[in-house]
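# Observations on the three-dimensional arrangement
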Amino acid sequence: SSIDMNRYAWYNENSGDKPHPVGAEGHANPWGLYDMLGNVWEWVGDSYIENTYQTHAGSTLDNPIYPAPAVFDIKLPYRVLRGGSFKDSFGYLILSNRGKFGFAGQDRSRGFRCVKDTGK
């Protein structure tokens, strides 16, 4: 059976060319999370390194993490973005999709996720 992504994600065909409040679709994924794909690219803490997956191919690191330095580092000037946005096509809505952005500039298709431990 196929999943109706219109129930779980905002992308270029259903977003009206704008981001939406988290959970506005009203349907959580099977893990109880909202908007993990689409809506806005999720800014994660990893520094972006172009060939990181090739460098770690065959290692035990399925998802190598490079923490962001405390201050701007000219050697690692980009951060990782994941998941696609409301501007992207359906085919881009893959959690493993990995983009980059620099420190300068803003774009309404980028954001981050606040997490709270509910103790459950």
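This is a predicted model, so every value here is computed, not measured.

Rules used in this analysis
- Residues numbered from 1 in each chain as written.
- Predicted model: local features only at pLDDT ≥ 70, side-chain atom pairs only at ≥ 80, totals over all residues.
- Heavy atoms only, no water.
- Helix = DSSP H or I, 4+ residues; strand = E, 2+ residues; numbered from the N terminus.
- Buried < 20%, exposed > 50% of the residue type's maximum accessible area, 1.4 Å probe, protein only.
- Polar contact = N/O pair within 3.5 Å; in protein donor to acceptor, adjacent residues only side chain to side chain.
- Contact = heavy atoms within 4.5 Å.
- Salt bridge = Lys/Arg side-chain N within 4 Å of Asp/Glu carboxyl O.
- Pairing = 2+ DSSP bridges.

Here the focus is the side chain of N39. Take N39: it is sitting in the segment before β1 (41-47). Relative accessible area serves as the criterion here: at 3%, N39 is assigned to the buried category. A distance of 2.8 Å separates the side chain of N39 from the backbone oxygen of H20, its partner in a polar contact. The residues contacting N39, other than those within four sequence positions of it, are W10, P19, H20, G84, S85 and F86.

Under the counting rule described, the total for this entry stands at two salt bridges. When the shortest N-O distance is used, the salt bridge between R108 and D17 registers 3.6 Å. With R108 in the loop between β3 (98-102) and β4 (110-111) and D17 in the segment before β1, this residue pair connects regions lying 91 residues apart in the sequence. As a salt-bridge pair, D107 and K87 come within 3.3 Å of each other at their nearest N and O atoms. Of this pair, D107 sits in the loop between β3 and β4 while K87 is found in the loop between β2 (78-82) and β3, placing the two residues 20 residues apart along the sequence.

This next bit is on the sheet that holds β3. Taken together, four strands build an open sheet; the order of strands is β3-β2-β1-β4 and the sheet is mixed. Each edge of the open sheet carries a strand with a single partner, namely β3 and β4. When β2 meets β3, the two strands line up antiparallel, connected through five bridges. Within β3, the residue paired with R79 across the bridge is F101.

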